[in-house]
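A look at the structure
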Amino acid sequence: MIGVLALQGDYSKHKDILDKLKLSSCEIRYSHQFNEISGLIIPGGESTTMTDLIDRNGLHKDIYSFSKSKPILGTCAGLIMMARIVNDDRVKPLNILDIEVDRNAYGRQVNSFRDKLSVSISGKFENVFATFIRAPKINNMAKDIEIICSYNNEPVAIKQGIHVGLAFHPELDGITLFHEYTFVKQFNEKSYAA
Ligand code: GLN
């Protein structure tokens, strides 16, 4: 069962992707629900608002503790929330990915765009068309971060340990490979290697 943090943003679109992959999912709003899931998605939306709602629902510690043993996929505002440092005091990031992030680094809503990305995942290369909406940029990252995909020489999809962070929105273009990798493939690959 994969949980989608459903406080704000485009969480329902992630359910569609999980449905496509035949992974069962539920919406997460309360602390007690973290026992019931084996992975979490932090969707896109507005990281300032998400910070307030995570605080109000008392979920900051729950998400952080969950990340110690279970995979989290963050997209756009979700990536911002997973960072260690964000260039905006109103955002209280969760410190799950050892990265520094600039919000809205590509400009305003009118500067949102869709473009081709070359993704390197599970030893394979794939091209996808992905959507960037007031996307963040990763301007600093720890050495053990793996880059899954860059766009104009900027890392836009990264992985650290079992967690994956994306500056764009695969859920808006029906792209399943990042969800599949985070919640299924990386674990199959590990057990295969072992
Ligand atoms: N700009 C938003 C933020 O800072 C993120 C936008 C998005 O999730 N598409 O939270």
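Here the structure is a predicted model, which means the values were calculated and not measured.

**Describing helix H1 (residues 11-20)**
- All of the buried residues along H1 are His14, Ile17 and Leu18. For H1, the angular spread of buried residues about the axis comes to 100 degrees, placing them on one side.
- Positive phi shows up at Lys22, right after H1, with a value of about 60 degrees.

**Brief notes about the site of the ligand**
- Around the ligand, the surrounding shell consists of Gly44, Gly45, Glu46, Ser47, Cys76, Ala77, Ile80, Arg103, Asn104, Ile133, Arg134 and His169.
- In the environment of the ligand, a nitrogen atom lies 3.0 Å from a nitrogen or oxygen atom belonging to the backbone of Arg134.
- A class-by-class count of the residues in the shell around the ligand yields four nonpolar, five polar and three charged.

**What to know about the sheet that holds strand E12 (residues 163-166)**
- Spatial strand order, E2-E1-E3-E4-E12-E11-E10: seven strands in an open sheet with mixed pairing. The open sheet has two edge strands with one neighbour each: strand E2 (25-28) and strand E10 (146-151). Adjacent strand axes in the sheet meet at a mean angle of 20 degrees, parallel and antiparallel pairs treated alike.
- Sheet topology places strand E3 (residues 39-42) next to strand E4 (residues 72-75); three bridges connect them, and they run parallel. Of the residues in E4, the one forming a bridge with Ile42 is Gly74.
- Relative to strand E1 (residues 2-5), H1 is tilted by about 160 degrees, and along the sheet it contacts E1, E2, E3 and E4.

Definitions and limits used
Counting of residues starts from 1 at the beginning of each chain's written sequence and follows it residue by residue. Reporting in this predicted model follows two pLDDT cut-offs: at least 70 for local features of residues, and 80 or more for side-chain atom pairs to be given and counted; totals over whole chains, interfaces and linings ignore these cut-offs and use all residues. Only heavy atoms go into the side-chain values, all of them from the structure, while hydrogens and water stay out. Note on classification: 1.4 Å probe, protein chains only; a residue is buried when its accessible area is under 20% of the maximum for its type, exposed when over 50%, partly exposed between these limits. Each helix is a run of DSSP H or I of at least 4 residues and each strand a run of E of at least 2, with the numbering of both proceeding from the N terminus. Arc definition: it is the arc formed by the directions from the helix axis to the C-beta atoms. Proximity criterion: a residue is near a molecule or strand once any of its heavy atoms comes within 4 Å of it. Between N or O atoms, a polar contact is any pair within 3.5 Å; within protein, one atom must be a potential hydrogen donor and the other a potential acceptor, and residues adjacent in sequence are included only when both atoms are from side chains. Ten residues, namely Ala, Val, Leu, Ile, Met, Phe, Trp, Tyr, Cys and Pro, are considered nonpolar, four, namely Asp, Glu, Lys and Arg, are considered charged, and the remaining ones, Gly among them, are considered polar. A pair of strands is considered paired only if DSSP assigns at least 2 bridges between the two. Axis definition: a line fitted to C-alpha atoms, over the contacting stretch in the case of helices. Angles run 0 to 180 degrees between N-to-C directions. Any two residues having at least one pair of non-hydrogen atoms within 4.5 Å are treated as being in contact.

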